[in-house]
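Below are the chains, spelled out letter by letter.
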Amino acid sequence: MVETRAQHRRRVTSLTWDDVESKQDVFRDILSRLSVRSIRSVKTVNRYWRDSVRDKHFATIHLAQSRKKPSYIACPRVNNAMELYLLKPGEFNFRHHATVDPPGRNAEHHMLMIASFNGLVCCINQLSDENEEDFQIWICNPSTEQTLLLPQGRPSFWTEPSIGVAYGPDMSEYKIFRIVSDGENGAGLHIECEVYSSSTWRIIGAVPHLPMYVFLIPHRSSHVFVGGKIYWLVSLEDPGIILYVDMEERFGVMELPYYSPDLRYEDRITVTTYLINLGGSLSLVVLHVDYFDIWEWKEASWVLVIEDYLPFMNFSETVLFLTSSEKEILCVTEWQWWTYHVNTRKWEERGGPPTQFTSPAMFPFTESLLPCNGGVRLEGR
């Protein structure tokens, strides 16, 4: 019997895939280039395909591939459920990615996204009106639709907790730092910190300062993680103070860059001052009326690396959020966002969502298969 062209194609294709499947490293490398949504679909092909994408080794190589295609994850406005969108650098078209509304959260209050790392996001949810100084803390993977509610920490008195997220070189390692007040003493509030790791909270001792509310951010948990440390702004008053903690749970403080008191008030440190990770370096962005400064922490001191014009402030647009990815800064105003490219020193107006931004949050993001527990239960290597 003569083999038809279609039969020949099916036979060759089958032989080719059998050959690919027999070379597991090659097969996994091919699958690792797919999106999380596609990988969730291929799990249903057969047991071999399912087993090929469920262990820690595959999650690691998939995350490495995803990091070659970075994006931003955005929550443009607070709603009853948290609607998350992806924005590709250079395109900046909103593409709906996930709706995060986990069972067990306090639905009377909005969820707020405070950090993004390894395909996971950390969100907080006010616990109750009666105990407004506390939050539920959630770890979510928007791509796999998994959520994890962390155990409740100790209560904080007189002020809401301040939260920061740190993650190690091993993708399965992350720590949540929670700075709380356990009451007043003769000198004011007594501030302590507890850390979440390995499924439990541990008290690690007193903290010298309580982080501040960054301009128009509705919580004390605005922070940046860079170089193995979390950094929070504490005070903008001369001398301004930054609080930091490393993965070994050691706290320290550092001062903000010096601005001469002889300068006009609007030319000193302003309320629109932000800590960012700029290309792997701790950096500080200070927005003035019609220009801005970028300071970089180099060899234990601040260095002014950029002073450039600002096309949108001048009291006509208010900055609601500021973040960065590699050498790009993203500013979110009430109606649109702008990007500044450090290498070219050019601003670009990027438009905005169909309606006005309301308490927006945006962070660099890469899709991943990482479970919300950090991969502790992933099988294999």
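Structure's up top.
What you see as residue numbers is a count from 1 along each chain, following the sequence as written. Local features in this predicted model are restricted to residues whose pLDDT is 70 or higher, and side-chain atom pairs enter the listing and the counts only when it is 80 or higher, whereas totals over whole chains, interfaces and linings include all residues. Hydrogens and water are ignored here; the side-chain numbers use all heavy atoms of the structure.

### Thoughts on the overall build of the chain
To keep it simple, the criterion reads: To qualify as a helix, a DSSP run of H or I must reach at least 4 residues; to qualify as a strand, a run of E must reach at least 2; elements of each kind are numbered from the N terminus. Remark: exposure states derive from per-residue accessible area (1.4 Å probe, protein chains only) relative to the maximum for the residue type, with buried under 20%, exposed over 50%, and partly exposed in between. Should any heavy atoms of two residues lie within 4.5 Å, those residues are counted as being in contact. Computed with a 1.4 Å probe, the accessible areas rest on the Shrake-Rupley method; for each residue, only the protein chains presented here act as cover.
Scanning the chain for helices and strands turns up 5 helices and 24 strands. When the 381 residues of the chain are sorted by exposure, 52% land in the buried category. Nonlocal contacts in the chain, meaning residues at least 24 apart in sequence, comprise 49% of its contacts between residues at least 6 apart. A total accessible area of about 18400 Å² is found for the chain, and carbon and sulfur atoms account for 50% of it.

### Here we look at a nonpolar patch on the surface
The condition is simple: Patches were defined on residues exceeding 30% relative accessible area and lacking a salt bridge, with like-charge contacts within 9 Å and nonpolar side-chain contacts (Val, Leu, Ile, Met, Phe, Trp, Tyr) within 5 Å. A pair is scored as a salt bridge if a Lys or Arg side-chain nitrogen falls within 4 Å of a carboxyl oxygen belonging to Asp or Glu.
A contiguous nonpolar patch, built from F157, W158 and L189 and spanning about 350 Å² of accessible area, is present on the exposed surface. As for its placement among the helices and strands, L189 is situated in strand β10 (residues 188-197). You can call L189 partly exposed: its relative accessible area is 33%.

### As for the nonpolar core
Stated formally: Here, nonpolar core refers to any group of buried Ala, Val, Leu, Ile, Met, Phe, Trp, Tyr and Cys residues whose side-chain atoms link them within 4.5 Å.
Ranked by internal contacts, the top residues of the largest apolar core, which has 64 residues, are M113, Y231, L233, L284, F292 and I329. Considering each element in turn, this core owes the most residues, 5 residues, to strand β17 (residues 281-287). Setting aside residues up to four positions removed in sequence, F292 forms contacts with V285, V286, L287, I306, E307, D308, Y309, L310, Y340 and W347. Counting residues in each nonpolar core, the second largest holds 23 residues, with A115, F135, I163 and Y174 among its members.

### Some details on the pattern of salt bridges
Counted under the stated rule, the structure contains 12 salt bridges. Here K175 and E249 are joined by a salt bridge, their closest N and O atoms 3.0 Å apart. On the criterion of sequence distance, the pair formed by K175 in strand β9 (residues 174-185) and E249 in the loop between β14 (241-246) and β15 (251-255) is long-range, its members being 74 residues apart. Pair check on accessibility: K175 and E249 agree, each one buried. Between R202 and E249 there is a salt bridge; the shortest N-O distance is 2.6 Å. Remark: E249 occurs in the loop between β14 and β15 and R202 occurs in strand β11 (residues 200-206); sequence separation between them is 47 residues. Note on R202: relative accessible area 33%, which makes it partly exposed. Of the residues examined, E249 reaches a relative accessible area of 19% and is grouped as buried. A network of salt bridges, in which partner residues are shared, links D134, R178 and E194.

### Structural notes on the layout of surface pockets
Selection criterion: Only protein atoms enter the calculation, which uses a 1 Å grid: trapped sets of points that fit a 1.4 Å probe without letting it out are cavities, open sets showing protein on both sides within 12 Å along at least five of seven lines are pockets, and any residue with an atom within 4 Å of a point is a lining residue. Grid points are joined across faces, edges and corners, and a volume is the space filled by probe spheres set on the points. Put simply, Ala, Val, Leu, Ile, Met, Phe, Trp, Tyr, Cys and Pro go in the nonpolar bin, Asp, Glu, Lys and Arg in the charged bin, and everything else, Gly too, in the polar bin.
Of the volumes computed, that of the largest pocket is approximately 1100 Å³. Taken together, 41 residues make up the lining of the largest pocket; nearest its centre are S116, Y167, N277, S324 and P364. Within the residue set of the lining of the largest pocket, elements represented by two or more residues are β4 (111-117), β8 (162-167), β12 (224-226), β13 (229-235), β16 (273-278), β20 (319-325) and β24 (361-365). Of the residues in the lining of the largest pocket, the class split is 23 nonpolar, 16 polar and 2 charged.

### Quick word on a positive patch on the surface
Under the convention used in this document: Charge convention: Lys and Arg are scored as positive, Asp and Glu as negative, and His as well as the terminal groups of each chain are ignored. Each charge is placed at NZ for Lys, CZ for Arg, CG for Asp and CD for Glu.
On the surface, R37, R40, K43 and R95 cluster together to form a positively charged patch. By the element assignment, R40 lies in helix α3 (residues 36-42).

### Some thoughts on unusual backbone geometry
P239 follows D238 through a cis peptide bond whose omega is -5 degrees. Unlike most non-glycine residues, L216 shows phi in positive territory, near 65 degrees. For L216, the position within the fold is in the loop between β11 and β12. On the accessibility criterion, L216 (46% relative accessible area) is partly exposed.

### Examining the sheet that holds β20
Let me state the cut-off plainly: Strand pairing follows a simple DSSP-based rule, namely that at least 2 bridges must link the two strands. To get an axis, fit a line to the C-alpha atoms, keeping to the stretch in contact for a helix; angles then go from 0 to 180 degrees between the N-to-C directions.
Taken together, the 4 strands give an open sheet; going across it, the order is β20-β21-β22-β23, and neighbouring strands pair in antiparallel fashion. Each edge of the open sheet carries a strand with a single partner, namely β20 and β23 (346-349). Here the average twist between neighbouring strands, direction ignored, is 20 degrees. For strand β21 (residues 328-333) and strand β22 (residues 337-341), the ladder comprises 5 bridges, and the chain directions are antiparallel. Looking across to β22, one finds that V332 is bridged to W337.

### Brief notes about the side chain of T272
What counts, and what does not: Any pair of nitrogen or oxygen atoms within 3.5 Å is treated as a polar contact; in protein, a donor-acceptor pairing is required on top of that, and neighbouring residues in sequence qualify only through side-chain atoms on both sides.
Here T272 lies in the loop between β15 and β16. Within polar-contact distance, the side chain of T272 engages the side chain of T270 at 3.1 Å.

### Remarks on empty space enclosed by the protein
The full count for this structure, using the stated rule, is 1 cavity of 30 Å³ or more. When its volume is computed, the largest cavity comes out at roughly 100 Å³. The element best represented in the lining of the largest cavity is β4, accounting for 3 residues. Classifying every residue of the lining of the largest cavity gives 12 nonpolar, 2 polar and no charged.

### Re the sheet that holds strand β2 (residues 82-87)
Strand order in the open sheet made by the 4 strands is β3-β2-β1-β24, with antiparallel pairing throughout. Of all the strands in the sheet, the pair left with one neighbour each is β3 (95-100) and β24. The sheet shows a mean angle of 25 degrees between the axes of neighbouring strands, taken without regard to direction. Across 5 bridges, β2 lies against β3 in antiparallel orientation. Bridge assignment links Y85 to a residue of β3, and that residue is H96.

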